[in-house]
Amino acid sequence: MRPKLIFLLWLSCQFTLCAQDPATFLFSQQGSLYNPALTGTNGSQAISLAYRQQWLQETDPGYHTALLSYEESLPCSILDFGINGLWDQEGAGLLTTYEITPQVSANLTIIDSRDHQVNIRLGGGMSIGQQRIDFDKLVFSDQLDFKYGNIFPTNFIAPEENHQQGYFQPGIGFLVQMVLNKELYHAVIINAGASYHNAYAIGSKEGTGYGKSVLGLLPPASPKWAAHADFELIPGNSLKQVISIKPSFLYERQEGLRYMQLGLEFALNNVMQVGGYMHMNKWFAASTSTNWYSVNTVFKPYIGKERIDFYLTYSFNVSGLRNAVSPLLEIGIKKHFRNSPVCNLIGKEDEVFYKIGR
């Protein structure tokens, strides 16, 4: 019953114009979902597939999300681009979202010396999606008896023409990338950025298509902003092995929701990586919050001259819903390619070369 009541609360938020976005993938694996300026920072043409499940119960299907992404880093241009295709299904009412987000970013070099390099990246994206819900699978308050449960018919009549509704939501972001002491053994790589999502909702309260509502009410989606930073340190290396340490930080805010992610990753030769993350989620009206920890493992083997990344994330709650829901699982695969189709198309194939280990 709890997921159904949670959905009723969510539906009431839609009437009071406080719509929230669903939780998403681990930042270190799907950074462009949080900041479009991170599009193309893999340094190669890449295609990836990821799947995430959470909040499963014996009597409820929980939440499921799948993401198919394509990105291309153009070595013949300052521009990079990508496109994300997302499918999300939530709760017993099977609230389903289909979303496509094309993104583009520009890389501007500020400093490029023998010892240091500083780049600024600017990015933008446009999420175009559609949501639908099965009203027959919902339970409303007028159906409930305090003793016998769901025994009454409901007075709610679902508008058949509004079972699904489209929306669009733009986002913008910037990123500062710094490589310090790049010719020395103890190099430091710093990335810091911020982004603003649902940006079209700024200063407007009219329903013009950018809100999310399966009832067709079109309240504006709440603007969401995020800030993030990571520092990759190389404490030591030799001719055959490189060890790196990468602390990371992410903060998001949307209406009364605040989310923070603290992470620490260890990598060996850029072919194996393990990380631990602490997630803190706070709603302003809640006396307690739902916090959880994640453990992530990434393998990056080369098959021939091209790399494939495999990763697995296991998360478990430590407060809030820890006794009511299952652990969270996230898996993904990413294939990198050594060529750039766009650069080849415009006749600049000689400028395309990806080194092993990039």
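Everything discussed here concerns the structure shown above.
Described in the following lines is the structure provided in the data block. (Residues numbered from 1 in each chain as written. Predicted model: local features only at pLDDT ≥ 70, side-chain atom pairs only at ≥ 80, totals over all residues. Heavy atoms only, no water.)

1. Section: the overall build of the protein
Helix and strand counts for the protein come out as two helices and 17 strands. When each of the 358 residues of the protein is scored for burial, the buried share is 44%. Sequence-distant contacts in the protein: of pairs separated by 6 or more residues, those separated by 24 or more amount to 58%. Accessible surface, the protein: about 18600 Å² in total, of which carbon and sulfur atoms supply 62%. (Helix = DSSP H or I, 4+ residues; strand = E, 2+ residues; numbered from the N terminus. Buried < 20%, exposed > 50% of the residue type's maximum accessible area, 1.4 Å probe, protein only. Contact = heavy atoms within 4.5 Å. Areas by Shrake-Rupley, 256 points an atom, 1.4 Å probe, with all protein chains shown as cover.)

2. Some details on the nonpolar core
Counting nine residues, the largest nonpolar core consists of Phe27, Tyr34, Ala37, Leu38, Leu175, Ala226, Leu250, Tyr259 and Trp292. For Leu250, the residues in contact, after removing those within four places along its chain, are Phe27, Tyr34, Ala226, Ala227, His228, Tyr259, Met260 and Gln261. In this structure, Phe25, Ala50, Leu67 and Tyr311 belong to the second largest nonpolar core, which totals six residues. (Core = buried A, V, L, I, M, F, W, Y, C linked by side-chain atoms within 4.5 Å.)

3. A short note on the environment of Met278
Mapping Met278 onto the fold places it in strand E13 (residues 272-283). Separated by 37 residues in the primary sequence, Met278 and Ser315 have C-alpha atoms spaced 9.5 Å apart. Sequence-distant contacts of Met278, defined by excluding residues within four places in its chain, comprise Met260, Gln261, Leu262, Trp292 and Tyr293.

4. Comments concerning the state of the cysteines
Scanning the entire structure with this criterion turns up one disulfide. Disulfide pairing places Cys76 opposite Cys343 at an S-S distance of 1.9 Å. Disulfide Cys76 to Cys343: torsion about the S-S bond roughly -90°, handedness left-handed. Within this pair, whereas Cys76 is found in the loop between strand E2 (63-73) and strand E3 (79-90), its partner Cys343 is found in helix H2 (residues 341-345), the two being separated by 267 residues in sequence. Summarising the burial analysis for this pair, Cys76 and Cys343 share the class buried. (Disulfide = S-S within 2.5 Å.)

5. Looking at the pairing of strand E17 (residues 328-337)
In E17, alternate side chains face the same way, and those of Leu328, Glu330, Gly332, Lys334 and His336 are buried while those of Leu329, Ile331, Ile333, Lys335 and Phe337 on the opposite face are not. Relative to E17, strand E1 (residues 45-54) runs antiparallel, the two sharing nine bridges. From the neighbouring strand, Ala46 faces E17, where its bridge partner is His336. Bridging between strand E16 (residues 306-317) and E17 involves eight bridges; their strand directions are antiparallel. Following the sheet pairing, Leu312 is matched in E17 by Ile331. (Pairing = 2+ DSSP bridges.)

6. Description of the pattern of salt bridges
Where side chains of opposite charge bring their charged atoms close, a pairing between them can arise. This structure, assessed with the given rule, holds five salt bridges. For Glu252, the salt bridge goes to Lys224, with nearest N and O atoms at 3.9 Å. Here Glu252, found in strand E11 (residues 242-254), pairs with Lys224, found in strand E10 (residues 224-237); they are 28 residues apart in sequence, far enough to count as distant. Note on Glu252: relative accessible area 11%, which makes it buried. (Salt bridge = Lys/Arg side-chain N within 4 Å of Asp/Glu carboxyl O.)

7. Regarding the packing of aromatic side chains
Scanning the entire structure with this criterion turns up six aromatic pairs. Seen from their ring centres, Trp225 and Tyr251 are 5.5 Å apart, and the 50° between their planes marks the pair as tilted. Residue Trp225 is found in strand E10, and its partner Tyr251 is found in strand E11; the two are separated by 26 residues along the sequence. Judged by centre distance (6.2 Å) and plane angle (35°), the rings of Tyr314 and Phe316 are tilted. Judged by relative accessible area, Phe316 falls into the partly exposed class, the value being 33%. A cation over a ring is seen here: Lys335 above Phe337, with NZ or CZ 4.2 Å from the ring centre. (Phe/Tyr/Trp six-rings, centres within 6.5 Å; stacked < 30°, edge-to-face > 60°. Lys NZ or Arg CZ within 6 Å of the ring centre and 35° of its normal.)

8. Details of the side chain of Gln131
Structurally, the position occupied by Gln131 is in strand E5 (residues 117-132). Of the polar contacts made by the side chain of Gln131, one reaches the side chain of Thr97; its length is 3.0 Å. (Polar contact = N/O pair within 3.5 Å; in protein donor to acceptor, adjacent residues only side chain to side chain.)

9. Some points on the environment of Leu257
As for its position among the elements, Leu257 is in strand E12 (residues 257-268). Residue class for Leu257 comes out partly exposed when judged on its relative accessible area of 26%. As for Leu257 and Lys282, which are separated by 25 residues in sequence, their C-alpha atoms are 5.8 Å apart.

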